Amino acid sequence: MPTHLTIRPYRPEDDLTALVDIWDRASRRAHAFLGDERLSAQKHLLATQWLPAAETYVAVRDGQAVGFISLLGQTVGGLFVSPDHHRQGIGQRLIARAVALRGALHLDVYADNAEARRFYAAVGFQQIGQSPQDREGLPFAIITLSLNTTTV
């Protein structure tokens, strides 16, 4: 049975390695369609640019990071939960923390990431846009979602 979960601010000196590992394992499962080369490049960007630029909160269980959410204003830059901790309410708790901090939220999700799309729909996100290309102009369709705080 899962034990108590806490959510705290990201501490680079303590969390970087664990968050990069969570991101890598979750991304390889959810974003396999991107291919190894692209995922490896994104992994490097996560560690060197994305995490330092974002306001990140870490879900911790038994002293171990099990997930995180990164915010850029009201944009969810990333939400990742360790695959061995999926379906335990961690993602919902991280979204609830972000809503408490920011109110309404929005994000992009890969159209081919059906599991994430189901999760976001279940917590109240609604589609407000779509594009046949990702933000870098590559042919990976994205869907833009929004969460109105009255739905949480």
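What counts and what doesn't
Residues numbered from 1 in each chain as written. Predicted model: local features only at pLDDT ≥ 70, side-chain atom pairs only at ≥ 80, totals over all residues. Heavy atoms only, no water. Helix = DSSP H or I, 4+ residues; strand = E, 2+ residues; numbered from the N terminus. Rg over C-alpha atoms; globule rule 2.2 N^0.38 Å. Buried < 20%, exposed > 50% of the residue type's maximum accessible area, 1.4 Å probe, protein only. Contact = heavy atoms within 4.5 Å. Areas by Shrake-Rupley, 256 points an atom, 1.4 Å probe, with all protein chains shown as cover. Lys, Arg positive; Asp, Glu negative; His and termini not counted. Charge placed at Lys NZ, Arg CZ, Asp CG, Glu CD. Pairing = 2+ DSSP bridges. Core = buried A, V, L, I, M, F, W, Y, C linked by side-chain atoms within 4.5 Å. Axes fitted to C-alpha atoms, helices over the stretch in contact; angles between N-to-C directions. Parallel < 35°, antiparallel > 145°, perpendicular 65-115°, else oblique. Left-handed = near helix turned anticlockwise from the far one by under 90°. Nonpolar A, V, L, I, M, F, W, Y, C, P; charged D, E, K, R; others polar.

Broken down by element type, the protein chain carries 4 helices and 7 strands. Start at the N end of the protein chain and walk to the C end: the helices and strands fall as β-α-α-β-β-β-α-β-α-β-β. Its C-alpha atoms give the protein chain a radius of gyration of 15 Å, within 12% of the compact-globule value 15 Å for 152 residues. Referenced to the eigenvectors of the C-alpha coordinate spread, the extents of the protein chain come out at roughly 40 × 40 × 30 Å. Residues counted as buried form 43% of the 152 residues belonging to the protein chain. Relative to all contacts within the protein chain whose residues are 6 or more apart in sequence, the contacts with residues 24 or more apart total 60%. Taken as a whole, the protein chain presents about 8100 Å² of accessible surface, with 52% of it coming from carbon and sulfur. Here the protein chain holds 15 positive side-chain charges and 15 negative ones, and the gap between their average locations is 6 Å.

Moving on to the pairing of strand 6 (residues 126–131). Regular strands place side chains that alternate from one sheet face to the opposite one. For strand 6, the tally of buried residues reaches only 0 of 6 residues, placing the bulk of the element at the surface. The pairing of strand 6 with strand 7 (residues 142–147) spans 5 bridges and is antiparallel. Within strand 7, the residue paired with serine 131 across the bridge is isoleucine 142.

Glancing now at the nonpolar core. Ile69, Leu94, Ile95, Tyr120 and Phe125 are the most contacted members of the largest nonpolar core, which totals 26 residues. Counting only elements with at least two residues in this core, the list comes to strand 1 (5–9), strand 2 (55–61), strand 3 (64–72), strand 4 (75–81), helix 3 (90–102), strand 5 (105–110), helix 4 (114–122) and strand 7. Among the elements that line this core, the one with the most residues is helix 3, at 5 residues. In contact with isoleucine 69, not counting residues within four places along its chain, are Glu55, Thr56, Tyr57, Val76, Gly78, Leu79, Leu94, Ile95 and Ala98.

Note on placement: alanine 54 falls in the loop between helix 2 (36–53) and strand 2. In this structure, the C-alpha to C-alpha distance between alanine 54 and leucine 147, residues 93 residues apart in sequence, is 19 Å. Beyond its immediate chain neighbours, meaning those up to four positions away, alanine 54 contacts Ser70, Leu71 and Leu72.

Packing of helix 1 (residues 12–30) against helix 2 leaves a shortest axis separation of 10 Å and a crossing angle of 150°. It follows from the interaxial angle that helix 1 and helix 2 lie roughly antiparallel. Taken as a pair, helix 1 and helix 2 cross one another with a handedness that is right-handed. Along its contact with helix 1, which presents Leu16, Leu19, Val20, Trp23, Asp24, Ser27 and Arg28, the element helix 2 presents Asp36, Leu39, Ser40, Gln42, Lys43, Leu46, Ala47 and Leu51. Looking at the contact of helix 1 with helix 2 residue by residue, the classes come out as 8 nonpolar, 3 polar and 4 charged.

Let us now look at the environment of alanine 114. Along the polypeptide, alanine 114 turns up in helix 4. When the C-alpha positions of alanine 114 and serine 27 are compared, they lie 13 Å apart, and in sequence the two are 87 residues distant.

The next subject is helix 1. For an α-helix, the turn length of 3.6 residues means that residues three or four places apart are oriented alike. Turning to helix 1, its buried residues number three or more, namely Asp15, Leu19, Val20, Ile22, Trp23, Asp24, Ala26 and Ser27. Where the residues of helix 1 are buried, they touch strand 1, helix 2, strand 2, strand 3 and strand 4.

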